[in-house]
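Below are the chains, spelled out letter by letter.
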There are 2 protein chains.
Amino acid sequence: MSSIITLAHGSGGIKTGELINKVIRSIISFKKVSSGVGLDDLDDSAIIPLNGEMLLALTIDSYTVKPIFFPGGDIGKLAITGTINDLAVMGALPIAIVDSIVVEEGFSIDNLRRIVQSMNEVSVKEGVAIVGGDFKVMPKGNVDEIVITTAGIGLVRKNELVLDSGAKVGDKVIVTGTIGEHGATILAMQLELEATDFNLLSDCSPITKVIREVLSIGGLHAAKDPTRGGLATALNDIAKKSQVNIVIRERDIPISRGVRAICELTGIDPLHLACEGRAVMVVDGEVAETIINKLRNIGCSDASIIGEVTEEGEGLVFLKSVVGGTRIIDPPRGEVVPRIC
Amino acid sequence: MSSIITLAHGSGGIKTGELINKVIRSIISFKKVSSGVGLDDLDDSAIIPLNGEMLLALTIDSYTVKPIFFPGGDIGKLAITGTINDLAVMGALPIAIVDSIVVEEGFSIDNLRRIVQSMNEVSVKEGVAIVGGDFKVMPKGNVDEIVITTAGIGLVRKNELVLDSGAKVGDKVIVTGTIGEHGATILAMQLELEATDFNLLSDCSPITKVIREVLSIGGLHAAKDPTRGGLATALNDIAKKSQVNIVIRERDIPISRGVRAICELTGIDPLHLACEGRAVMVVDGEVAETIINKLRNIGCSDASIIGEVTEEGEGLVFLKSVVGGTRIIDPPRGEVVPRIC
């Protein structure tokens, strides 16, 4: 391992995993509370058992997206949404959020107001209270504009807890909409392309309702919101933790024309581009069609079954290509799109 | 209000309060969960009612201290300790922490390891699990070395909840040790003085045990850890929220020779310098001496009664000077010591 941190260590891909293993997971020794889910599980939230049938979900994320305003949202909407989604994919009902805002000296108070207004909109719409926070200012040149960190709690019934490790042979893999919209939108702006010329719009939005509809049907074995590292990373996480192999079909993966265009222009794999308002779910094969119908009824018009869990295994994800042939899909090795969240 | 953020907005003093009121509290509309403690209360943690006699405490803070290593600790120890202390002063037993580390590209992996080791030491010693986290890398020049954000949860019994608003006429004001050590240590290093020449050592340490011993005696009406903005800010918060006036006596406030020396050199008021391992407590006058004896027995050799709550009022804090005369103590107006936490 090199002796300094590189951008690739922050990609959410292979290098991030290596660094977290060697410098965080191997050093921290008290990593979970009793029979809960903790640091070694690297799930979307930690789980802390309370008395009785309820579990507490707890998660944190820092948001450093650049640019801070983008088609479909801004860093404030993203911060509240991302934390809600990390709770929702555990099967939790998000309850409350605390936020910490670190801004650079000289930051515009009007822009801060716009960002806080976006945070408020999501909070009110989703019924998740913003109960406290911290606010710090760093001297000019010490932080780029603004970093927002949000931590959230939610409550999960024991029988509704959804872990990355729950995928089973015979399960179907579902995505709730087109993939890569958020990553492609940010990428276009970073390349100084007009995101709107490609009809790009971040998919940034809470997925609590979607997950809860699926929970009410039953058969939800694993779920993630495929953010940093995209669908490829989310599926690899599920496959490895569940010790199964997964096959997905390229032709069934919903990808918008704009995302395809940006990917062709840049050579980036759409499977590596972040979503911020989609879920990938591994569900009982028997209810997969029921779930797809329900999802389409509640507005997820592009929800699709994209593959299945084919066998127990070492956690490989295979892509059946449109043009024929099958290849293994890995998480990204380098920094695909910097600072997408 | 000016249209850009200045360093003074991050001081923890008057300007921070103004900004938070105008740009955060007035915009966020869903600010607490049912009968809990939320954003408008600006207490050390938010409180979320659970079923039965238990309340959940939730808090978040970002740490941007510069330098990141200092006599008595480092940014990792500070981040875990600060979050534990924000829970402890609510009367909560800290249970679990999640952390988010944002580092600059080029940051030393050895230094990251040292910082994570410090986090682990506090976690293990205090029995508070580090259950999850986030890790992001920003391009060089976009963040200064490292920012750590920690969020923590704890459980409080309803009858042990300690709010800033609980001070009553006749109560005594106690500090658990010498004040300003952390702020003075960081200040000395920022001025490129040798902190050790002044015998300065940050007081950075968890205060859970101290608070719990006092809870076991009873009569604890309000408590804070006086970090940013120092004792002056903590006492003003308590006085204003409790609608009482407080008088403290300069001669009874424990201040080390080193802190006095730095304050004389710089003209900074020691009451504005941060502690990171002390509590200020407002306790029933009848048990104040019992509490002081207990505190001295458990190693708080400088614990002192420094004043009392004299009357109902608009929340003023008066200092009886050693040389005679009484003056009003305000929170700092500008940026006293930048980036002390």
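Procedures and definitions
Residues numbered from 1 in each chain as written. Chains lettered and ligands numbered in written order. Predicted model: local features only at pLDDT ≥ 70, side-chain atom pairs only at ≥ 80, totals over all residues. Heavy atoms only, no water. Least-squares fit on C-alpha atoms with pLDDT ≥ 70 in both. Contact = heavy atoms within 4.5 Å. Pairing = 2+ DSSP bridges. Helix = DSSP H or I, 4+ residues; strand = E, 2+ residues; numbered from the N terminus. Axes fitted to C-alpha atoms, helices over the stretch in contact; angles between N-to-C directions. Parallel < 35°, antiparallel > 145°, perpendicular 65-115°, else oblique. Nonpolar A, V, L, I, M, F, W, Y, C, P; charged D, E, K, R; others polar. Buried area = accessible area lost by both parts, 1.4 Å probe. Salt bridge = Lys/Arg side-chain N within 4 Å of Asp/Glu carboxyl O. Buried < 20%, exposed > 50% of the residue type's maximum accessible area, 1.4 Å probe, protein only. Domains from an automatic or database assignment.

**Q** Please clarify how the relation of the copies chain B and chain A should be interpreted in this entry.
**A** Relating one copy of the chain to the other takes a rotation about an axis and a shift parallel to that axis. Superposition record for chain B on chain A: RMSD 0.0 Å, screw rotation 180°, translation along axis 0.0 Å. What we have between these two chains is a two-fold relation. Minimal C-alpha separation from the rotation axis in chain B is found for V143(B), amounting to 2.0 Å. A shared binding surface is used by both copies, with 99% of the interface residues of chain B retained as interface residues in chain A.

**Q** I tried to follow the sheet that holds strand β6 (residues 129–138) of chain A on my own but got confused; where do I start?
**A** Backbone hydrogen bonds hold the strands of a sheet together, and the pairing may be parallel or antiparallel. All names here are of chain A. The sheet built from five strands is open, its strands ordered β1-β2-β7-β5-β6 with mixed pairing. The strands lining the two open edges of the sheet, one partner per strand, are β1 (46–49) and β6. Pairs of neighbouring strands in the sheet enclose a mean axial angle of 15°, with direction left out of account. Pairing of strand β5 (residues 93–104) with strand β7 (residues 146–157), which is carried by 10 bridges, proceeds in the antiparallel orientation. Each residue of the ladder has a partner; that of V103, found in β7, is I146.

**Q** Where do I start with the packing of helix α3 (residues 109–126) of chain A against helix α1 (residues 14–25) of chain B in this structure?
**A** What describes two packed helices is the angle between their axes and the distance between those same axes. The geometry of α3(A) relative to α1(B) is characterised by a closest axis approach of 9 Å and an angle of 50° between their N-to-C directions. Here α1(B) runs oblique to α3(A), going by the angle between their axes. Touching I109(A), L112(A), R113(A) and V116(A) of α3(A) are L19(B), V23(B) and I24(B), all from α1(B). Residues of the contact of α3(A) with α1(B), tallied by class, amount to six nonpolar, no polar and one charged.

**Q** Sorry if this is basic, but what is going on with the interface of chain B and chain A here?
**A** By convention, interface size is frequently given as the accessible area that disappears when the constituent parts associate. With 80 residues of chain B at the interface, the matching set in chain A holds 79 residues. Summing both partners gives a buried area of about 6,600 Å² for chain B against chain A, and 73% of it is carried by carbon and sulfur. Counting across the interface, chain B meets chain A through two salt bridges. For R228(B), the salt bridge identified is with D134(A), shortest N-O distance 3.0 Å.

**Q** How do you make sense of the environment of M189(A) when you look at a structure like this?
**A** Turning to its location among the elements, M189(A) is positioned in helix α4 (residues 181–190). Non-local contacts of M189(A), meaning those with residues more than four positions away in its chain, are made with P67(A), F69(A), F70(A), P71(A) and A195(A).

**Q** It is not clear to me how the pattern of salt bridges should be interpreted in this structure. Could you clarify?
**A** Any two side chains of opposite charge can pair if their charged atoms end up close together. The tally for this structure, following the rule as stated, stands at 37 salt bridges over all chains. R113(A) is paired through a salt bridge with D110(A); the nearest N and O atoms lie 3.0 Å apart. Linking R113(A) with D110(A), this pair stays in helix α3, spanning three residues, or about one helical turn. For D110(A), a relative accessible area of 49% translates into the label partly exposed. With a closest N to O distance of 3.1 Å, E308(B) and K172(B) form a salt bridge. Here E308(B) is found in strand β12 (residues 304–312), whereas its partner K172(B) is found in strand β8 (residues 172–175), with 136 residues between them in sequence. Given a relative accessible area of 26%, K172(B) falls into the partly exposed group.

**Q** Would you take a moment to explain the sheet that holds strand β11 (residues 280–283) of chain A for this structure?
**A** Residues and elements named next belong to chain A. The mixed open sheet is built from seven strands, whose spatial order is β9-β11-β8-β12-β10-β13-β14. Strands at the two margins of the open sheet, each flanked by one partner only, are β9 (220–224) and β14 (326–328). Strand after strand, the sheet turns through a mean of 25° between neighbouring axes, direction not considered. Judged from the four bridges that link them, β9 and β11 form a sheet pairing that is antiparallel.

**Q** Got a minute to help me understand the domain arrangement of chain A in this structure?
**A** Residues and elements named next belong to chain A. Domain boundaries in chain A define domain 1 (31–160) and domain 2 (164–328). The C-alpha centroid of domain 2 is placed 22 Å from the C-alpha centroid of domain 1. Contacts between the two partners involve 27 residues from domain 1, matched on the other side by 24 residues from domain 2. Of the roughly 2,100 Å² buried between domain 1 and domain 2 on both sides combined, carbon and sulfur atoms contribute 60%.

**Q** Help me understand unusual backbone geometry, please; the structure alone is not making it clear to me.
**A** Across the chain, the bulk of peptide bonds are trans and the bulk of non-glycine residues have phi less than zero. Of the consecutive residues K66(A) and P67(A), the connecting peptide bond is found in the cis state with omega at 5°. When you line up the elements, P67(A) lands in the loop between β2 (54–63) and β3 (69–70). Although it is not a glycine, E192(A) sits at a positive phi angle of roughly 60°. Topologically, E192(A) is positioned in the loop between α4 and α5 (208–217). A residue is classified by how much of its surface remains accessible, and E192(A), at 73% relative accessible area, is exposed. Of note, S34(B) is a non-glycine position whose phi angle comes to about 40°, a positive value.

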